[in-house]
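A look at the structure
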Protein chains: 2
Amino acid sequence: MRASQFFISTLKEAPSEAELPSHKLMLRAGLIRRLSSGLYSWMPMGLRVLKKVENIVREEMNRAGSVELLMPAVQPAELWQESGRWDFYGKELLRLKDRHERDFCVGPTHEEVITDIARKEVKSYKQLPLNFYQIQTKFRDEVRPRFGVMRSREFIMKDAYSFHADFDSLKQTYQDMYDAYCRVFERLGLTFRPVAADTGSIGGTGSHEFQVLADSGEDVIAFCPTSPYAANIELAEALAPSEPRPAPSAKLEKVLTPKTKTIAQLVEFLNIDVKATVKAIVVEGDDGAPVLMLLRGDHELNEVKAEKVAGIKTPLTFASPDAIRTAFGAQPGSLGPVGFAGRVVADRTVAAMADFVIGANEDDYHYLGANFGRDCAEAEVADLRNVVPGDASPCGQGVLELCRGIEVGHVFQLRTKYSEAMGATYLTRDGKHELMEMGCYGIGVSRIVAAAIEQSFDERGIIFSDTMAPFTVGIVPMGYYRSEAVKAAADALYADLKAAGVDVLLDDREERPGVLLADSELIGIPHRVVIGDRGLKEGKVEYQHRTDAEATPVAADEVLAHVLAKLGL
Amino acid sequence: MRASQFFISTLKEAPSEAELPSHKLMLRAGLIRRLSSGLYSWMPMGLRVLKKVENIVREEMNRAGSVELLMPAVQPAELWQESGRWDFYGKELLRLKDRHERDFCVGPTHEEVITDIARKEVKSYKQLPLNFYQIQTKFRDEVRPRFGVMRSREFIMKDAYSFHADFDSLKQTYQDMYDAYCRVFERLGLTFRPVAADTGSIGGTGSHEFQVLADSGEDVIAFCPTSPYAANIELAEALAPSEPRPAPSAKLEKVLTPKTKTIAQLVEFLNIDVKATVKAIVVEGDDGAPVLMLLRGDHELNEVKAEKVAGIKTPLTFASPDAIRTAFGAQPGSLGPVGFAGRVVADRTVAAMADFVIGANEDDYHYLGANFGRDCAEAEVADLRNVVPGDASPCGQGVLELCRGIEVGHVFQLRTKYSEAMGATYLTRDGKHELMEMGCYGIGVSRIVAAAIEQSFDERGIIFSDTMAPFTVGIVPMGYYRSEAVKAAADALYADLKAAGVDVLLDDREERPGVLLADSELIGIPHRVVIGDRGLKEGKVEYQHRTDAEATPVAADEVLAHVLAKLGL
């Protein structure tokens, strides 16, 4: 492509709305332009990157035996009512009415539509398994769209859905998709980690997320450096302490603790170890009654885990100040199990503590030396907290570390959640109707572009991998492309690289050399050849990889071979 | 592709909702499946066809210098309010509110968004011309979605938009797009005709439609068999009769004409030539006053032309029965210019008539022998009617014929309609701000598939061109693919064709040979090789083009060369 026949639009400064490096760089490099909150146009430069991601995803899906189709973006409400998600999904579902006042939504996902197709198309076990995918524009009306295409409202997703006669077949396809996803992210040149994950609103049983590792990631991942164990912190299990609970050694003592609303204030006031404190959180049970949850003072409640405790209202709902006052006779900050007659659930770590400090259910008072079984009843025990670095890994092979990631893929074993709700059955060999097992598999195609940049940039701009770059090679003719010798050399290299099937950009714009060089670095073109009159007189041009500190002089008649070798061609 | 790894789902009978052959065949061949009114899933077989169309469109757009981008499908109302189309567009625009109750629409077209991009990106004449396109899912909430993907609510469109410093540059790009469209439709193997067209709600000046000729087409095209002239009947000019108006020769006579509400009844009752009658239609003027339009009894009002008459309310609005009664003192069926004091517009043909029969503005009465200038004032004259076969062609080189077509492409010279409304200017060489000239260019990508089938099918199914077929070659192994010899021959041919880059389907399904043969014909695969044990014993296989009446025996070791020759490879 000649730049003069393309559209390059770079900016010196990113608009102030952009926070993340990837968002700033995508705007500055002209990959995207904002239309409205959470809505972005993919400009020609960005669309080339998006299409490269899309093609790699398509190739690997095809290779793994998934068959491409395309379902409507606009979906009738009836199907979502059948699955129960019309009410469940909340405001993220962009709802609308057509001219006949019938309800529709702009699909954020397609479980309902594909299940409708499967129940109409599949008669017999002989047709199973099936695995379909599509690459499509989706819409999710985010509460707070941000970070450009990282969390936009409209986005491009590859979503695949598989149908099976039995769970074993589902597990096989799930593994095939898992493997295909690994190949996709490897080919894209991303540093990523598959992690065990919660299934969230999609439902089902097993699930893995594919996380691109980046400091700016919104997800926290717990992993074991000495084993393959990795899980989203939402899911990562905090094991019970290996040591049993010590016997009580202190006596229960009520102390005045004024102005100690937080654990930090309490610890400072009493001058004690935070690990001796227990904090109390009150949530609603299924029946609306308050349930007291206890965590060690330095631990954080894991809401996903808390929600999974039997008898707890979903979505997790914190008790109101009035309800707390009625049930405990005190305000938050002074709550505890001593004297509380309701349900108490203690985190595993708390359950192993003795002589702890806890609210006294009287404003501005705490107990020292509290103990289960002596000062209050033994509590129910559950895993309620986020893991922290140094926790024993659930794999039993080391201690956990934490890192941050950006979720770019997610595979789910849906089992029969949708086939049951929507009556998607098949005839077995024995002539019986059975529910189909289902899996679903998503890749955030547009988000991958932002995640890749988040993982790979420097002060000069984006650093794209060869497989994702809008152009793999950039040719920069110095001096406005006006010198006949430079023009001839640039045109010849351009023609040769095109003939070799390389995506090459010849920057023939009438701009200062400094602008051309800066743009090629900002856009993140991985390989660059600079051709100038001075070098040509000595038979030289300059090659520089985007990550090289300096350019390398290369004989002009060897530069084609040099570049092709760099590309592995 | 092996059929066992693909998804083939054919039907013996089309669902009763399908009327057009293309709709029936697309359902029967499993190209599409209905989700809801006007919403269709593209099944794997259909998506392959769609992608082939899309790729040819993309290649020709790129070749013509248009640059691909991708704008959001969901668009903010503000832009449509700026252009004035938020109110104008009516119910076809699918409107919605996001979680913050802000207005959006699912875009049926993208003039507003691209103009917003251009006004932000373009500073100087040096950046012009620009030509962008996208291939995208669009939504139009049709009053009456029908004919499958021919007139669906959700559809895939290629829309391009160009920006220019002056009209000459627009005309140049318009011609480039026109030429690119011709190449697209030629490559797709379609019989088509570019026709002059009305610009409709898109606005602007010049415009051509690309019509695929088919008896079932919704559009009527007037063309001159002896010249390149062709126009949509909405636009085709009806010339004034070459003969001047004869002098009056009859006297005005009022006659009782009971129960003659229609021209047909009048002609029968009076036993006269329909060409001696004039019919009266009353529409509203800009000021709401009734305007009488006169057409010869056998001619049809052309609403597009009527709407263009100065001072007529747009959209064209017929006067209410009450307003007619007040203005004329009679009901429709007995109206005329004699004694009517309001505005009268006569079609050119009517203006050349003498001694005509017309309503007497008294229920159940008509005048015989009416004449302009004698019995009533001379009327305004305008082209108000649809052309009919035999009319003189506006090109002056013959008489018009009519045919039917399916609109698959449309190019428009928008001029400054949007740049003016939205303030899209550029700086001229002289430092002045000028409005950009604009063009827009659409291709109905998904509709093309239906149009192609409408033009090419037989009683056995679809007949696809090589360039559009989901698979170019089908290999049908007889006898359930169980014979070792058949399997070996089929596998070898499959591998050779794949190696030659041919899209080949090896139908290895466990189905009766009759099913495989019928499916390949229904789906419309253009080239088929049937391999059976009996033939192989004599070293023969069978080749048949989809349009061949019979199969041709070909030596098994020559079939690869035979097929490649048929494909022009």
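In this text, all values refer to a predicted model and were calculated from it rather than measured experimentally.

If you tally the helices and strands in chain A, you get 16 helices and 30 strands. Its C-alpha atoms give chain A principal-axis dimensions of about 95 × 70 × 50 Å. Within chain A, the proportion of its 569 residues that are buried is 56%. Residue pairs at least 24 apart in sequence account for 69% of intrachain contacts in chain A once pairs closer than 6 positions are excluded.

Moving on to the packing of helix 2 (residues 44–63) of chain B against helix 6 (residues 167–187) of chain B. Residue and element names in this part refer to chain B. At their nearest, the axes of helix 2 and helix 6 sit 9 Å apart, and the two run at 150° to each other. By the criterion of interaxial angle, the relationship of helix 2 to helix 6 is roughly antiparallel. In this structure, the crossing between helix 2 and helix 6 has a hand that is right-handed. Packed against helix 2, whose contacting residues are I56, V57, E59, E60, M61 and R63, the element helix 6 presents M177, A180, Y181, R183, V184 and R187 at the interface. Residues of the contact of helix 2 with helix 6, tallied by class, amount to seven nonpolar, no polar and five charged.

Residue and element names in this part refer to chain B. Summed over all chains, the structure comprises zero disulfides over all chains. C403 provides the cysteine sulfur closest to C182, a residue in no disulfide bond, and the two sulfurs are 16 Å apart. With a relative accessible area of 14%, C182 lands in the buried category. As a non-bridged cysteine, C395 has C224 as the owner of its nearest cysteine sulfur, 3.6 Å distant.

A word on the packing of aromatic side chains. Residue and element names in this part refer to chain A. The final tally for this structure, using the stated rule, is 24 aromatic pairs over all chains. Measuring from ring centre to ring centre gives 5.3 Å for Y181 and F210, while their planes differ by 55°; the resulting arrangement is tilted. Here F210 lies in strand 10 (residues 207–213) and Y181 lies in helix 6 (residues 167–187), a separation of 29 residues in the sequence. A network of ring pairs unites the aromatic residues Y178, Y181, F185, F192 and F210 as a single cluster. Positioned above the aromatic ring of Y365 is the side chain of K254, whose terminal nitrogen or guanidinium carbon lies 5.9 Å from the ring centre.

Two strands in a sheet stick together by hydrogen bonds in their backbones, pointing the same way (parallel) or opposite ways (antiparallel). Residue and element names in this part refer to chain B. Read across the sheet, three strands follow the order 13-18-17 without closing on themselves; strand pairing throughout is antiparallel. For this open sheet the edge positions go to strand 13 (253–256) and strand 17 (356–359), each flanked by a neighbour on one side alone. Taken pair by pair, the neighbouring strands of this sheet meet at an average axis angle of 30°, ignoring direction. One ladder, built from four bridges, connects strand 13 with strand 18 (residues 365–370); its direction is antiparallel. Within strand 18, the position partnered with L256 by the bridge is Y365.

Residue and element names in this part refer to chain B. In this structure, E209 sits in strand 10 (residues 207–213). At 2.6 Å, the side chain of E209 forms a polar contact with the side chain of Q211. Polar side-chain contacts of E209 include one of 2.8 Å to the side chain of N232. Leave out the neighbours within four places in its chain, and E209 touches R193, P194, V195, A197, N232, E407, G409 and H410.

A few words now on the interface of chain B and chain A. In this assembly, 56 residues from chain B lie in contact with 56 residues from chain A. Taking both partners together, chain B and chain A bury about 4,300 Å²; carbon and sulfur atoms supply 63% of that area. Broken down residue by residue, the surface that chain B buries against chain A is led by L35, L70 and R99 of chain B, which jointly contribute 17%. For the pair chain B and chain A, the interface holds four salt bridges. The closest approach of N and O atoms between R153 of chain A and D98 of chain B, which form a salt bridge, is 2.8 Å. Counting across the interface, chain B meets chain A through 14 residue pairs in polar contact (both at pLDDT 80 or more). A breakdown of the residues in the side of chain B that touches chain A according to their chemical character gives 30 nonpolar, seven polar and 19 charged.

It is worth spelling out the packing of helix 1 (residues 21–28) of chain B against helix 12 (residues 445–455) of chain B at this point. All names here are of chain B. Axis separation between helix 1 and helix 12 bottoms out at 8 Å; the angle between their running directions is 110°. Here helix 1 lies roughly perpendicular to helix 12, going by the angle between them. Contacts between helix 1 and helix 12 involve P21, S22, L25 and M26 from the former and V449, A450, I453 and E454 from the latter. Among the residues making up the contact of helix 1 with helix 12, the classes are represented as six nonpolar, one polar and one charged.

This part is about unusual backbone geometry. Working note: non-glycine residues mostly have negative phi, and peptide bonds are mostly trans. Cis rather than trans, the peptide bond between L128 of chain A and P129 of chain A has omega equal to 0°. Its location among the elements puts P129 of chain A in the loop between helix 5 (111–121) and strand 7 (130–139). Here E101 of chain A, not a glycine, exhibits a phi torsion of approximately 65°, which is positive. The backbone phi angle of N271 of chain B is positive, close to 55°, even though this residue is not glycine. The topology assignment puts N271 of chain B in the loop between helix 7 (263–270) and strand 14 (278–284). For N271 of chain B, a relative accessible area of 69% translates into the label exposed.

Residue and element names in this part refer to chain A. Counted by the stated rule, this structure contains 94 salt bridges over all chains. The partner of E218 in a salt bridge is R146, and the shortest N-O contact between them spans 2.7 Å. With a gap of 72 residues between them, E218 in the loop between strand 10 and strand 11 (219–223) and R146 in the loop between strand 7 and strand 8 (154–164) connect regions that are remote in the sequence. One salt-bridge network, in which partners are shared between bridges, spans E59, E60, R63, R183 and R187.

Quick look at the relation of the copies chain B and chain A now. Superposition of chain B onto chain A requires a rotation of 180° combined with a translation of 0.1 Å along the rotation axis, giving an RMSD of 0.1 Å. Look at the turn and shift together and you get a two-fold axis relating the two. Relative to the rotation axis, the closest C-alpha in chain B is found at L96 of chain B, a distance of 2.6 Å. Taken as a fraction of all interface residues of chain B, those also at the interface in chain A reach 100%, which identifies the copy contact as same-surface.

Quick look at the environment of I272 of chain A now. Residue and element names in this part refer to chain A. Its place among the elements puts I272 in the loop between helix 7 (263–270) and strand 14 (278–284). The spacing of I272 and V357 is 85 residues in sequence and 9.3 Å in space, taken between C-alpha atoms. Ignoring sequence-local partners within four residues, the contact set of I272 consists of V267, T277 and V357.

This part is about the pairing of strand 5 (residues 94–97) of chain A. Residues and elements named next belong to chain A. Residue alternation in strand 5 divides its side chains into a buried set, L94 and L96, and an unburied set, R95 and K97. Pairing of strand 5 with strand 6 (residues 103–106), which is carried by four bridges, proceeds in the antiparallel orientation. Residue pairing across strands places K97 opposite D103, the latter belonging to strand 6. Counted between consecutive antiparallel strands, the loop separating strand 5 from strand 6 contains five residues, among which E101 sits at a positive phi close to 65°.

Procedures and definitions
All chains use their own residue numbering, which begins from 1 and follows the written sequence. Key to labels: chains lettered from A, ligands numbered from 1, both in the order written. Reporting in this predicted model follows two pLDDT cut-offs: at least 70 for local features of residues, and 80 or more for side-chain atom pairs to be given and counted; totals over whole chains, interfaces and linings ignore these cut-offs and use all residues. To get the side-chain values, take all heavy atoms of the structure and skip hydrogens and water. For helices the rule is a DSSP run of H or I covering at least 4 residues; for strands it is a run of E covering at least 2, with both sets numbered from the N terminus onward. When a residue's accessible area, from a 1.4 Å probe over protein chains only, is under 20% of the maximum for its type it is buried; when over 50% it is exposed; and in between it is partly exposed. Only heavy atoms matter for contacts: two residues are in contact if any of them lie within 4.5 Å across the pair. Angles shown run from 0 to 180 degrees and are taken between the N-to-C directions of axes, each axis being a line fitted to C-alpha atoms and, for helices, limited to the stretch in contact. Should an angle fall under 35 degrees it is called roughly parallel, over 145 degrees roughly antiparallel, and 65 to 115 degrees roughly perpendicular, with every other angle called oblique. Note on convention: near helix rotated counterclockwise from far helix by under a right angle means a left-handed crossing. Clockwise means right-handed. Polar here means any residue outside two lists: the nonpolar Ala, Val, Leu, Ile, Met, Phe, Trp, Tyr, Cys and Pro, and the charged Asp, Glu, Lys and Arg; Gly therefore counts as polar. Cysteine sulfur atoms that come within 2.5 Å of each other are treated as a disulfide pair. Classification of ring pairs rests on two measures: the distance between centres of Phe, Tyr or Trp rings, Trp counted by its six-membered ring, which must be within 6.5 Å, and the angle between planes, read as stacked under 30 degrees, edge-to-face over 60 and tilted in between. Our definition puts a charge over a ring when NZ of Lys or CZ of Arg is within 6 Å of the ring centre and also within 35 degrees of the ring normal. Two strands pair if DSSP finds at least two bridges between them. Pairs of N or O atoms within 3.5 Å make up the polar contacts considered here, provided that, within protein, one atom can donate a hydrogen while the other can accept it, and that residues adjacent in sequence are counted only when both atoms are side-chain atoms. Buried area is a sum: the accessible area each of two parts loses on coming together, probed at 1.4 Å, counted once for each and added. Any carboxyl oxygen of Asp or Glu within 4 Å of a side-chain nitrogen of Lys or Arg constitutes a salt bridge here. Least squares is the method for superposing the copies, and the C-alpha atoms it fits come from residues with pLDDT of at least 70 in both.

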